[in-house]
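# Understanding the architecture of this molecule
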Amino acid sequence: NAGVTQTPKFQVLKTGQSMTLQCAQDMNHEYMSWYRQDPGMGLRLIHYSVGAGITDQGEVPNGYNVSRSTTEDFPLRLLSAAPSQTSVYFCASSWQEMNTEAFFGQGTRLTVV
Amino acid sequence: AQKITQTQPGMFVQEKEAVTLDCTYDTSDPSYGLFWYKQPSSGEMIFLIYQGSYDQQNATEGRYSLNFQKARKSANLVISASQLGDSAMYFCAMREGSIYNQGGKLIFGQGTELSVKP
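Residues numbered from 1 in each chain as written. Chains lettered and ligands numbered in written order. Predicted model: local features only at pLDDT ≥ 70, side-chain atom pairs only at ≥ 80, totals over all residues. Heavy atoms only, no water.

### Concerning the environment of glutamine 2 of chain B
- Take glutamine 2 of chain B: it is sitting in the segment before strand 1 (3-5).
- Sequence-distant contacts of glutamine 2 of chain B, defined by excluding residues within four places in its chain, comprise Asp26, Met94, Arg95, Glu96, Lys105 and Ile107 of chain B. (Helix = DSSP H or I, 4+ residues; strand = E, 2+ residues; numbered from the N terminus. Contact = heavy atoms within 4.5 Å.)

### Details of the pairing of strand 5 (residues 42-51) of chain A
Residue and element names in this part refer to chain A.
- With 8 of its 10 residues buried, strand 5 lies for the most part within the structure.
- In terms of strand pairing, strand 4 (residues 31-38) meets strand 5 through 7 bridges, oriented antiparallel. Bridging from a neighbouring strand, arginine 36 pairs with arginine 44 of strand 5.
- Counted along the chain from strand 4 to the antiparallel partner strand 5, the turn is 3 residues long, and its residue glycine 40 has a positive phi close to 75°.
- As judged from the 4 bridges shared by strand 5 and strand 6 (residues 54-57), these two strands associate in the antiparallel manner. Bridge pairing in strand 6 links tyrosine 48 to aspartate 56.
- Linking strand 5 to strand 6, which pair antiparallel, is a turn of 2 residues; within it glycine 53 sits at a positive phi near 85°. (Buried < 20%, exposed > 50% of the residue type's maximum accessible area, 1.4 Å probe, protein only. Pairing = 2+ DSSP bridges.)

### As for the pattern of salt bridges
Residue and element names in this part refer to chain B.
- Under the criterion given, the structure shown has 4 salt bridges over all chains.
- Residue lysine 73 is joined to aspartate 26 by a salt bridge in which the shortest nitrogen-to-oxygen separation is 3.3 Å. One end of the pair, lysine 73, is in the loop between strand 8 (64-69) and strand 9 (74-79); the other, aspartate 26, is in strand 4 (residues 24-26), and 47 residues separate them in sequence.
- Looking at lysine 73, the relative accessible area reads 29%, which means it is partly exposed.
- Owing to a relative accessible area of 39%, aspartate 26 belongs among the partly exposed residues under this scheme.
- Between aspartate 86 and arginine 63 there is a salt bridge, and its shortest N-O distance comes to 2.8 Å. (Salt bridge = Lys/Arg side-chain N within 4 Å of Asp/Glu carboxyl O.)

All we've got here are geometric facts, nothing functional implied.
Encoded structure:
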């Protein structure tokens, strides 16, 4: 029973490099989302999706791209990494109903040098 | 636009005492859900409790209860009989309704770090 799987757990990037954070869920959830967590800022929503082929921006979308070609996968792409993108990234998924909680991956700690 | 505010960056509580963590929210949608999550030092996010905007009674889950005051737009978490294992970061979150009254995006507050003293 895997739940939400994020890879990698840790990553160091150089400024200007690109990379993709992977997120997969096996619960057939419609809703998936990406957050970044920074000290004192809580979890801020980057992008979210309510189903395959449907994505939308959250609070802090700049510098990130997403796509949702399948129900299971929701990758987050950093186009040109910047030190300001150093953070812990969480992927989450849930059913679409209002009263259902989100399930989170273990997080990815990203450092951009 | 929806907004969640947690004004207590850090709190201390004595073991076995009760503690209240504050959360206020702002939304123009009459249909919304409120959640509390716990994040221990290990980093995982643990769902604690849920309150719907139309729920008539305050939600309870074991030692957790949610003091929901709709007119004041507050959804405070009450932890009774604190334990050392309750030391963690706590996040309040809100989900507004979307089409067909299904859940829209989920947003979080800044969090409150709770420390339980022996």
